[in-house]
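# Topology and contacts: notes
Chain residues, written in single-letter form:
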Amino acid sequence: AAMTRPAERRFAGSFRYCSLRSTKQVPSVTVTLLSLVPSGMQLRMPLVPGSWSRLRTRSSGRGTVVLRRIRAEKKVAFLHCDYRGCGADFPESNRLMGEFDVIAACSDGCGRAFRQVMPELGDKCVTVRNCHRYDQIRAMADEEPVRYDPNGMNIVMVARLAHEKGIERAIEAVTGAKEAGLPATLHIVGGGGMRGALEALVKEKKAEDAIRFYGEQANPYRYMKNADLFLMTSYHEAAPMVIDEAA
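Residues numbered from 1 in each chain as written. Predicted model: local features only at pLDDT ≥ 70, side-chain atom pairs only at ≥ 80, totals over all residues. Heavy atoms only, no water.

## Observations concerning the pattern of salt bridges
How we decide: Any carboxyl oxygen of Asp or Glu that lies within 4 Å of a side-chain nitrogen of Lys or Arg is treated as forming a salt bridge with it. Strands are runs of DSSP state E lasting at least 2 residues, helices are runs of H or I lasting at least 4, and numbering of each runs from the N terminus. For every residue, the accessible area (1.4 Å probe, protein chains only) is compared with the maximum for its type, and the residue is labelled buried under 20%, exposed over 50%, or partly exposed between those bounds.
Tallying each qualifying case throughout the model produces twelve salt bridges. Where arginine 129 meets aspartate 108, a salt bridge forms, and the shortest distance between an N and an O atom there is 3.1 Å. Taken together, the positions of arginine 129 in the loop between β8 (125–127) and α4 (134–141) and aspartate 108 in helix α3 (residues 108–117) put the pair 21 residues apart, joining distant regions of the chain. The exposure class assigned to arginine 129 is exposed, which follows from its relative accessible area of 54%. A salt bridge links lysine 225 to aspartate 142, with the shortest nitrogen-to-oxygen separation between them at 2.8 Å.

What follows is the structure, encoded as structure tokens:
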């Protein structure tokens, strides 16, 4: 866990590149992040002395590559998911998880969920919390913040448009508020494969005037800045980074 506390991190895009500078434990390290699939486990391991690489994957096949092909004294699996809820709980994945030296969960709850599935690996599981560049987030939020109609409540969601995010529940809730005569507008920031289905649901509910889609945005924080309410309706999460970002 000590090796995951960098003095500085720089993030660009959606976890496609990451670099960090020196820590007390490791004098000089460079991190290269390969985003191989949309979501899942993050695996961190040293390639050569003084150098680190992290692979982000849910695939047992890629986990095998890390375990079999990467030279390292220690290999750490970073869990940023509800292990059972996201579908990672299957025999091959469980077997591979047992081969890692440390399993770093992004929250205590995430760790508890993993231990419920694999109690025999409980001693390997530690909590390593998310880190954020709050100054950078605040600065981006001030870059042309979106101005909403003040006549009503403006609710913002920032999420991938995927089933596990439960966005249809938000649509149902805002539609219900509209039918009850409560002025509310839902602003959905994010892209994904379910956009067409969600837009069809909005049309079916005749709620086009109350629900707006903005697609994927390089700066979602400008949408959060002036919102009255931040809404998250996921069916399962580990430690959602967007909650800290919105705060």
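So, next bit.
## Observations regarding the confidence of the model for the protein
For clarity, the threshold we go by: The pLDDT score gives, residue by residue, the confidence of the prediction method on a 0 to 100 scale. When checking whether two residues touch, look at their non-hydrogen atoms; a contact exists if any pair is within 4.5 Å.
Overall, the prediction assigns the protein a mean pLDDT of 77, with 74% of residues at 70 or greater. Counting contacts from residues 1–60, a segment whose pLDDT is below 50, to residues more than four positions away or on other chains yields 137 contacts.

## Here we look at α3
Here is the rule we go by: What the arc measures is the spread of directions leading from the helix axis to the C-beta atoms.
Restricting attention to buried positions, one finds in α3 the residues Cys110, Gly111, Ala113, Phe114 and Val117. Viewed along the axis of α3, the buried residues span an arc of 160°, placing them on a single side of the element. Summarising the geometry of α3, the exposed residues directed more than 90 degrees from the buried face are Arg112 and Gln116. In this fold, the buried residues of α3 make contact with β6 (76–79), α2 (91–97), β7 (102–105) and β8.

## What about helix α6 (residues 195–204)?
Every buried residue of α6 is accounted for by Leu198, Leu201 and Val202. Taken around the axis of α6, the buried residues stretch over an arc of 100°, which confines them to a single face. What points out from α6, more than 90 degrees from its buried face, is the exposed set Lys203 and Glu204. On the buried face of α6, the contacting elements are α5 (167–179) and β11 (211–215). A positive backbone phi angle near 55° is found at lysine 206, which sits one or two residues after α6.

## Digging into the sheet that holds strand β9 (residues 153–158)
Put simply, the rule reads: By definition, two strands form a pair when at least two bridges between them are found by DSSP. Only the stretch in contact is used when fitting a helix axis, every axis being a line fitted to C-alpha atoms; angles between N-to-C directions are given from 0 to 180 degrees.
Across the sheet, four strands lie side by side as β11-β10-β9-β12; this open sheet has parallel pairing. Here the strands that pair on one side only, and so sit at the sheet edges, are β11 and β12 (229–230). In the sheet, β9 pairs with β12 via two bridges, with the strands oriented parallel. Counterpart to isoleucine 155 in the pairing with β12 is leucine 229. Contacts from α5 reach β9, β10 (184–189) and β11, with the element oriented near 165° to β10.

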